[in-house]
Amino acid sequence: MGTSVRQSPREYNPLVAADEDQPALTAENLACERGDRLLFSGLNISLDAGNLMLVEGPNGSGKTSLLRILCGLAQPSAGVVRWRGEEIGKARERYCAELMYLGHNHGVKGDFTPYENLQIARDLAGAQSAVTLDDALYDVGLAGFEDAPARTLSAGQRRRVALARLLVTQARLWVMDEPFTALDTDGVMLVEKMLERHLAQGGMALVSTHHEVRVTEVNIIRLELR
């Protein structure tokens, strides 16, 4: 049990800076228990524009639990999470409008087409993204599958539909739990390029993965759960 946070100087890009006086996402003294087991405690997090935080650790160390707490989907045993200085419980509407969570369950509805899945996601987010639904599907390699029922797609293709949601919702904060699941080599490279572009445009991301993330010109913070 334990945690450590380190920022690698060689991965720091001084051109990517916060656009406000304080970090966008902060967490103070977070603790999480599962049953009688303490997964982590005393955890502090600070994340701002252009930052990629990689949450690392063995299975059972609490990576998914941490991401769910930071998204407001679960409550910590102790501590507080804030978005732009306000507790996320009090800023839920504003926080949810700037957050997109991609979990183990990709949330793609099998009875709907990829196009319809994206349309629903965009409408729920109330987003007016400059990226069209067709462009998003093209960017993730699903051109020609726009009107196929999602249940007929492979696991990797359904994961790509989920990734396309990130492009059409204009979320500032991406929270991704094992985003490389079911993806081939091209799919892994796609996620990495998406992250690079998102962060270069002033976004931020929290990613839990066992896969080495190869991104350049990005400020990477590593959070290790043990």
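The rules we used
- Residues numbered from 1 in each chain as written.
- Predicted model: local features only at pLDDT ≥ 70, side-chain atom pairs only at ≥ 80, totals over all residues.
- Heavy atoms only, no water.
- Helix = DSSP H or I, 4+ residues; strand = E, 2+ residues; numbered from the N terminus.
- Buried < 20%, exposed > 50% of the residue type's maximum accessible area, 1.4 Å probe, protein only.
- Lys, Arg positive; Asp, Glu negative; His and termini not counted.
- Salt bridge = Lys/Arg side-chain N within 4 Å of Asp/Glu carboxyl O.
- Polar contact = N/O pair within 3.5 Å; in protein donor to acceptor, adjacent residues only side chain to side chain.
- Contact = heavy atoms within 4.5 Å.
- Expected span 1.5 Å × (residues − 1).
- Pairing = 2+ DSSP bridges.
- Axes fitted to C-alpha atoms, helices over the stretch in contact; angles between N-to-C directions.
- 1 Å grid on protein atoms, 1.4 Å probe; cavity = no way out; pocket = protein on both sides within 12 Å on 5 of 7 lines; lining within 4 Å.
- Points joined across faces, edges and corners; volume = space filled by probe spheres on them.
- Nonpolar A, V, L, I, M, F, W, Y, C, P; charged D, E, K, R; others polar.

**Q** I keep staring at the side chain of Glu178 and nothing clicks. Help me out?
**A** In this fold, Glu178 is placed in the loop between strand 8 (173-177) and helix 6 (185-200). With no salt bridge to any partner, buried Glu178 finds its closest opposite charge in Lys63, at an N-O distance of 5.2 Å. A polar side-chain atom of Glu178 sits 2.9 Å from a polar atom in the side chain of His210. Leaving out residues up to four positions away in the same chain, Glu178 has contacts with Lys63, His104, Arg159, Ser208, Thr209 and His210.

**Q** Teacher, can you tell me more about helix 6 here?
**A** Because an α-helix packs 3.6 residues into every turn, residues spaced three or four apart end up facing the same way. Helix length check: helix 6, at 16 residues, gives a terminal C-alpha distance of 23 Å against a target of 22 Å (1.5 Å per residue), a fit within 8%. Those residues of helix 6 that fall on the buried side of the exposure criterion are Gly187, Val188, Leu190, Val191, Glu192, Met194, Leu195, Glu196, His198 and Leu199. Residues of helix 6 that are buried in the fold lie against strand 4 (51-56), helix 4 (133-139), helix 5 (155-168), strand 8 and strand 9 (204-208). Of the residues flanking the end of helix 6, it is Gly202, one or two places downstream, whose phi is positive at about 95 degrees.

**Q** Can you walk me through the sheet that holds strand 2 (residues 25-34) in this structure?
**A** Within a sheet, neighbouring strands are paired by backbone hydrogen bonds and run either parallel or antiparallel to one another. The antiparallel open sheet is built from 4 strands, whose spatial order is 3-2-5-6. A strand with exactly one partner marks an edge of an open sheet, and here the two such strands are strand 3 (37-47) and strand 6 (86-87). In terms of strand pairing, strand 5 (residues 78-83) meets strand 6 through 2 bridges, oriented antiparallel. Looking across to strand 6, one finds that Trp83 is bridged to Glu86. On top of the sheet, helix 1 (residues 63-71) reaches strand 2, strand 3 and strand 5; it is set at about 130 degrees to strand 2, its chief contact.

**Q** Can you help me understand the layout of surface pockets in this one?
**A** Over the atoms, a rolled probe matching the size of one water molecule traces out where space is still vacant. Volume-wise, the largest pocket comes out at about 510 Å³. Counting only elements with at least two residues in the lining of the largest pocket, the list comes to helix 2 (92-97), strand 7 (99-102) and helix 3 (114-125). Looking at the lining of the largest pocket, the element that brings in the most residues is helix 3, giving 5 residues. Class assignment for the residues of the lining of the largest pocket results in 12 nonpolar, 3 polar and 2 charged. Within this model, the second largest pocket holds a volume of roughly 320 Å³. Together, 16 residues line the second largest pocket, and Leu166, Leu167, Trp174, His198 and Gln201 are the ones closest to its centre. Among the elements that make up the lining of the second largest pocket, the one with the highest residue count is helix 6 (3 residues).

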